[in-house]
Amino acid sequence: MKRPPKETAESARRIGRRSLVIGASQLAMVGVLGWRMRSMQVEEGEIYRTLAEENRINMRLIPPSRGLIFDRNGAPLAVNEQNYRIVITREDAGDVDDTLDRLARLISLPEGAVESAKAEMQRRPGFVPVTVAERVPWDDVAKVTVNTPALPGITAEVGLSRHYPRGSDTAHVVGYVGPVSDYDLSKMEDPDPLMQIPRFQIGKTGVEAKFEEELRGSAGTKRIEVNATGRVMRELDREEGKSGADMQLTLDSRLQSYTEARLEGESASVVVIDLETGDLRAVASAPTFDPNLFVRGISGPDWRGLNENKYRPLSAKTVQGAYPPGSTFKMVVAMAALESGLVGPEDTEYCPGFTEVGGSRFHCWKRGGHGNVNMHRSLQESCDVYYYEISQKIGIDRIAEMARRLGVGVPLDVPMSAVSEGVAPDTKWKRDRYGEAWRIGDTVNASIGQGYVLATPLQLAVMSARLATGRDVRPRLVHSIGGVVQPSGAGEPMGLNENYLRRVRAAMNDVSNAARGTGYGARIVAEGMQMAGKSGTSQVRRITADERARGVTSNADLPWERRDHALWVNFAPYENPRFAVSVVVEHGGGGSSVAAPIARDVTLQALYDGAPPLEAYPSNLRDTIAEQQKRIENHVARGMTSSDRA
């Protein structure tokens, strides 16, 4: 049956509208596709052409600039300098052996560089560039650049390398950087991607290690295009990283350099603390070493020379060395006795030259004895018997508690490597450590800083600082990080009896300035600059009864390793203390004769902020001191010239 004309027309109109919509949609789709194809081919064609050749696009990390380290006056202690290096990327190199062989014929490479690079490539992904040689002369860089087509995968780069302008003077404090090792990576839970860059350097010791994250900064990235021969054609894009934070230490590099020079020829250490802030002005260990050797890759002979040296130049003796403090510990025992209320400042003990305890005889350094001695005289003349006797009255636990209050036997928070806590032994310590009961003989030994007692030079300087101020002075090595000033180490009052402190300080003053004081020969005579101090001589060997009967062998007649340690602590000026100083000379002999003169010279350098006038010294020493100052000035000048050359 035929449809009416009216229905047929309506159906045709509907079909026409649908066709129009479908046609318009198809046309729109074709238009969009055409526009997109034009955009991809014309406007974005270059990008897609490069992306289509994946082997020609490299993503590389941009190592950040490491933060700089300065002294308190803004003098640089650790800086970055330009360093040209040759790198190889395994996946671009083709025949690695052939490429490296061509490179070796073109330029002079360090011994073992090729073998080292091959070994490194086996441990790294193929797209990671591996360093073949660093500190390459510009002439060699130019040769490599010109011959790039013949050296696939080889490129010359410029980067930054660490340099220490003060050389050995600050090596133990600032530390040094070195390449990331497998051992370093094993200690990290989530290593920074930067760690995967071959020969990327991180802090290994000292401040460089303790503030690695702050100094390192964060990496940037860059995308580069290379041609078929491996030549870098252009950089497609770059995202800059963030430089590491700059740091300012509390060290005075001039005082540090002087101190290191003053210790020349000794195995020794010196610490200088600013009493107002706790700032460490000098932290010197001798002998020392050049940290720049480690940055460049230390040679086998150089490493053996340092590692096998019996004077331990790699050791930061100021914080790692723990020594029997000897008679410098007597102020601790005196304060413990006075604070206990069991011993008064005018109470006396009789010294016949020895004390008998449990059938054993403990001798005083003065064979004939000191007679009746009170606290003041016991410190001034360093009578041992006085401390043997009062220590038995107060017991080791009170002594240990006072030692810890004054900084001995407790960890001190300084950013240096392997900081020792020392030992302030008590009854519990011996029971826990050795499973044995404490004996009265242990107390007698501890009373003169022998036996189990151990202290670092830093702890002895802190002890002197707290005695001088009555405050809980804490050593501060870092003044600021990224411009943010770190908390002061001035400390709060410790709550010690000020009258007792004054008496101990007065006795220390007479150690240095009274004719019968053990440190009188090392006194400062400049008005208003007098130092108050205490000597110490700690034994490292046992003196037998037979040896004592025939006469104790002098240090000069003993092998170096069996000689006594020489110690000295002081603060100055006596009336208005500004600095505290400690000195330890390993196997140096007498504290008064060896350590005290060093402390006096360093103290004067700190007080005068440079070379003091000769009038500050006793008149009989001035000619000798003048010659010494010239010698040290020449030493410092030679050291700076050598370091700048490096």
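So, how was this worked out
- Residues numbered from 1 in each chain as written.
- Predicted model: local features only at pLDDT ≥ 70, side-chain atom pairs only at ≥ 80, totals over all residues.
- Heavy atoms only, no water.
- Axes fitted to C-alpha atoms, helices over the stretch in contact; angles between N-to-C directions.
- Helix = DSSP H or I, 4+ residues; strand = E, 2+ residues; numbered from the N terminus.
- Parallel < 35°, antiparallel > 145°, perpendicular 65-115°, else oblique.
- Left-handed = near helix turned anticlockwise from the far one by under 90°.
- Contact = heavy atoms within 4.5 Å.
- Nonpolar A, V, L, I, M, F, W, Y, C, P; charged D, E, K, R; others polar.
- Core = buried A, V, L, I, M, F, W, Y, C linked by side-chain atoms within 4.5 Å.
- Buried < 20%, exposed > 50% of the residue type's maximum accessible area, 1.4 Å probe, protein only.
- Phe/Tyr/Trp six-rings, centres within 6.5 Å; stacked < 30°, edge-to-face > 60°.
- Pairing = 2+ DSSP bridges.

### Observations concerning the packing of helix α11 (residues 253-262) against helix α24 (residues 591-608)
When two helices pack together, their arrangement is given by the angle between their axes and by how far apart the axes lie.
For step 1, the next point in the chain: Where α11 contacts α24, the two axes come as close as 10 Å, and the packing angle between them is 160°. Of the possible angle classes, the one that applies to α11 and α24 is roughly antiparallel. Between α11 and α24 lies a crossing whose hand is right-handed. Judged by residue contacts, Leu255, Tyr258, Thr259 and Arg262 of α11 engage Pro597, Ile598, Asp601, Val602, Gln605 and Ala606 from α24.
For step 2, the next point in the chain: Of the residues belonging to the contact of α11 with α24, the class tally is six nonpolar, two polar and two charged.

### What to know about the nonpolar core
For step 1, the next point in the chain: In this structure, Leu249 and Met463 are the most contacted members of the largest nonpolar core, which totals 92 residues.
For step 2, the next point in the chain: Discounting chain neighbours no more than four positions away, the residues touching methionine 463 are Thr328, Met331, Val332, Leu406, Val408 and Val569.
For step 3, the next point in the chain: Within the second largest apolar cluster, 36 residues are counted, among which are Ala261, Ala284, Trp568 and Phe579.

### A word on the packing of aromatic side chains
For step 1, the next point in the chain: Summed over the entire model, instances satisfying the criterion amount to 13 aromatic pairs.
For step 2, the next point in the chain: Judged by centre distance (6.1 Å) and plane angle (85°), the rings of tyrosine 176 and phenylalanine 289 are edge-to-face. Placement of the pair is tyrosine 176 in the loop between α7 (171-174) and β6 (177-179) and phenylalanine 289 in the loop between β12 (280-286) and α12 (292-296), with a sequence separation of 113 residues.
For step 3, the next point in the chain: Judged by its relative accessible area of 12%, tyrosine 176 falls in the buried class.

### Describing the packing of helix α15 (residues 330-340) against helix α17 (residues 384-394)
For step 1, the next point in the chain: Taken N-terminus to C-terminus, the directions of α15 and α17 make an angle of 40°; their axes are 10 Å apart at the nearest point. The pairing of α15 with α17 is recorded here as oblique in orientation. The two elements α15 and α17 cross, and the hand of that crossing is left-handed. Here Lys330, Val333, Ala334, Ala336, Ala337 and Ser340 of α15 lie close against α17, whose contacting residues are Asp384, Tyr387, Ile390 and Ile394.
For step 2, the next point in the chain: Its residues assigned to classes, the contact of α15 with α17 shows seven nonpolar, one polar and two charged.

### Focus: unusual backbone geometry
For step 1, the next point in the chain: Omega for the bond connecting alanine 286 with proline 287 falls within 30 degrees of zero, at -5°, which places this linkage in the cis form.
For step 2, the next point in the chain: For proline 287, the location among the structural elements is in the loop between β12 and α12.
For step 3, the next point in the chain: Put simply, alanine 572 and proline 573 share a cis peptide bond, and its omega is -15°.
For step 4, the next point in the chain: Note that proline 573 resides in the loop between β20 (565-572) and β21 (579-585).
For step 5, the next point in the chain: With a phi angle near 55°, aspartate 609 is a residue other than glycine that sits in the positive phi range.
For step 6, the next point in the chain: With respect to the helices and strands, aspartate 609 occurs in the loop between α24 and α25 (622-645).

### Some details on the sheet that holds β20
For step 1, the next point in the chain: If you trace the five strands from one edge of the open sheet to the other, you get β12-β11-β21-β20-β19, paired in antiparallel fashion. Looking at which strands have only one partner, the edges of the open sheet turn out to be β12 and β19 (532-538). Each neighbouring strand pair of the sheet contributes to a mean axis angle of 5°, computed without reference to strand direction.
For step 2, the next point in the chain: Here strand β11 (residues 268-274) runs beside β21; their pairing, made up of seven bridges, is antiparallel. Across the sheet, isoleucine 273 pairs through a bridge with alanine 580, a residue of β21.

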